[in-house]
Amino acid sequence: MRTSDNFVILMSKYYVIFTAILLTTISIPMFGQNLIGESLTRAQASDGSYISWREHIIDDPKIAGFALSGSDGLVMGDIDRDGFEDIVSVHEFDAEYDSASHVPGFVAPAEGHVRVAFGSEDPDLWFNITIAEGSDAPAPEDVVVVDLNFDGYLDVVAAAELSHLIYLQNPGPNARQADWPRLILPLTQGRGSYIRVFAGDFDGDGIPELTAPNKGAQSPGPEDYLRSTPVELYKLVGDPLEASSWQRSELGSYSVPQNAEPIDLDSDGDLDIIVGSRGEGRLIFFENDNGESLDFTEHAIGIMGASMSGFNLEYADLNGDDRLDVIGAGSNGLTWIEQPTPIDNAWNAFTIGTLSPDSITGMEVADIDNDGDMDIIAGSYSRGPRTSDGDVTTTDALGRLAWFENPGDAKLEWRRHDISRRKRGMFDKFIARDLDGDGDVDFVGTRGNSAPFDGVFWLEQVRSARPARNFQPARSQESDEIPLPF
């Protein structure tokens with residue numbers, strides 16, 4: 001046999017082996033192997049133990065006894081003053097997330113729920129009630145807790161995407177059984193779509209004000225992006241249940257504004273406001289002029305290297321210069337922007353990471369691995385069907401949970417640790433808490449886009465000497481886990 005023949009045979013064998021390996025590799029995602037949730041974790045805490053996550057259900061359709069869905073905003077506070085934190089959540093009750101509110105003559109159904117989960121010493125024992133629903137809370141998107149009548153009990157204000165702001169007064173010791181007195185703020189009726197609501201005492205008089213961006217329509221059409229709608233401030237001057245006690249003013253108008261968050265951005269001791277505009281793809285900083293009035297100076301936040309529209313934002317000093325930086329979903333993925341000095345200079349953008357092809361929705365900053373710096377958990381927004389898994393591929397935008405490990409120098413590469421990736425799920429909000437009291441941080445969150453699995457959950461951080469599977473779901477039947485794209 002000639003040498004050339006031996007070479008051909010040898011290469012043919014290598015080709016067969018290589019092809020078999022390649023096909024096996026390609027078949028992993030095709031046949032459901034290498035699923036994120038079922039894979040062994042590689043994440044480790046500062047003490048060398050391995051980090052994985054166990055899901056616990058706080059509220060869902062089964063617990064509620066009705067088709068709870070579209071879970072979005074989430075806040076925590078001791079509503080009944082029993083020493084345990086409670087959870088207030090809002091649920092849009094939307095299967096399509098398209099109210100077509102920009103279509104002339106369209107009338108969307110007035111559905112939605114504001115819920116309270118009363119906590120206990122057991123993080124798996126919650127008492128859930130509904131405090132507003134239907135036309136009182138049509139498609140609620142956000143919520144804030146604040147004591148507005150100064151009786152020592154936290155009240156609730158919810159923002160409804162289909163309509164208005166509603167104030168719900170805590171009835172006090174009987175908060176679990178009694179009806180909650182309420183007022184739909186009349187100055188918000190018929191004005192558009194309220195996507196967020198916040199509370200803060202901007203003028204130092206001891207009485208909190210409300211801030212709320214009005215994005216114009218629940219599902220903005222092209223004409224909504226071409227007009228400007230206001231970011232509003234509401235001052236309380238009497239009984240919060242009296243319509244005449246509320247005074248409205250406007251900070252400014254923007255294309256689809258979607259944030260108006262109180263934060264002392266310049267660290268001068270008073271609350272400023274950060275506005276995000278979806279239509280303009282930018283952030284605006286309203287500087288509190290003196291902390292004794294409701295006068296603000298508007299500053300554009302010019303970002304070098306990225307853009308942000310600011311739906312969900314977090315704040316932390318990531319570079320150790322004693323100035324708050326801003327974290328949010330940007331044009332390059334999860335991004336942090338460095339506060340300059342002076343503050344009107346350009347903010348430099350640094351990429352934390354991406355969940356591509358999944359789109360980042362909610363996030364929270366916390367020291368997950370106990371190494372002394374701030375890490376970030378993030379969740380994504382599935383774009384497929386909301387009531388069944390449907391026909392999706394690995395390259396579609398699906399529902400993912402992941403966290404990003406701070407490298408120590410936040411300007412360097414962050415390491416992503418995927419937790420779970422499912423066909424359906426919108427993970428909108430996270431709150432960091434050590435719910436089980438074991439010394440590591442857990443997370444409370446909301447989940448939408450995945451009926452009948454929508455609702456409120458908490459992720460228990462589990463430490464182990466050896467690698468465990470990334471994610472232990474609470475349910476035996478769930479939306480299908482999907483691997484990452486090949």
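Residues numbered from 1 in each chain as written. Predicted model: local features only at pLDDT ≥ 70, side-chain atom pairs only at ≥ 80, totals over all residues. Heavy atoms only, no water.

## Observations regarding the pattern of salt bridges
Taken as a whole, this structure holds 30 salt bridges when the rule is applied. Here Arg475 ties to Glu478 by a salt bridge, and the two come within 3.1 Å at their closest N and O atoms. Overlapping salt bridges bring together Glu55, Asp60, Arg422, Arg447, Arg475 and Glu478 as one network. (Salt bridge = Lys/Arg side-chain N within 4 Å of Asp/Glu carboxyl O.)

## Observations regarding the sheet that holds strand β2 (residues 71–77)
The four strands are arranged β2-β3-β4-β5 in an open sheet whose pairing can be described as antiparallel. A single partner strand is all that each edge strand has here, and the edge strands are β2 and β5 (127–133). Strand after strand, the sheet turns through a mean of 20° between neighbouring axes, direction not considered. In this structure, strand β4 (residues 113–118) lies alongside β5, joined through six bridges in antiparallel fashion. Among the inter-strand pairings, Arg115 is bridged to a residue of β5, identified as Thr130. (Pairing = 2+ DSSP bridges. Helix = DSSP H or I, 4+ residues; strand = E, 2+ residues; numbered from the N terminus. Axes fitted to C-alpha atoms, helices over the stretch in contact; angles between N-to-C directions.)

## Observations concerning the confidence of the model for the chain
Averaged over every residue, the pLDDT of the chain is 91; residues scoring 70 or more account for 90%. pLDDT under 50 marks residues 97–103. Its contacts with residues more than four places away, or in other chains, come to 25 contacts. (pLDDT = per-residue confidence, 0-100. Contact = heavy atoms within 4.5 Å.)

## Observations concerning the pairing of strand β27 (residues 426–433)
In terms of burial, β27 is a largely internal element, seven of the eight residues being buried. For β27 and strand β28 (residues 442–448), the ladder comprises six bridges, and the chain directions are antiparallel. The residue of β28 that forms the bridge with Phe427 is Arg447. (Buried < 20%, exposed > 50% of the residue type's maximum accessible area, 1.4 Å probe, protein only.)

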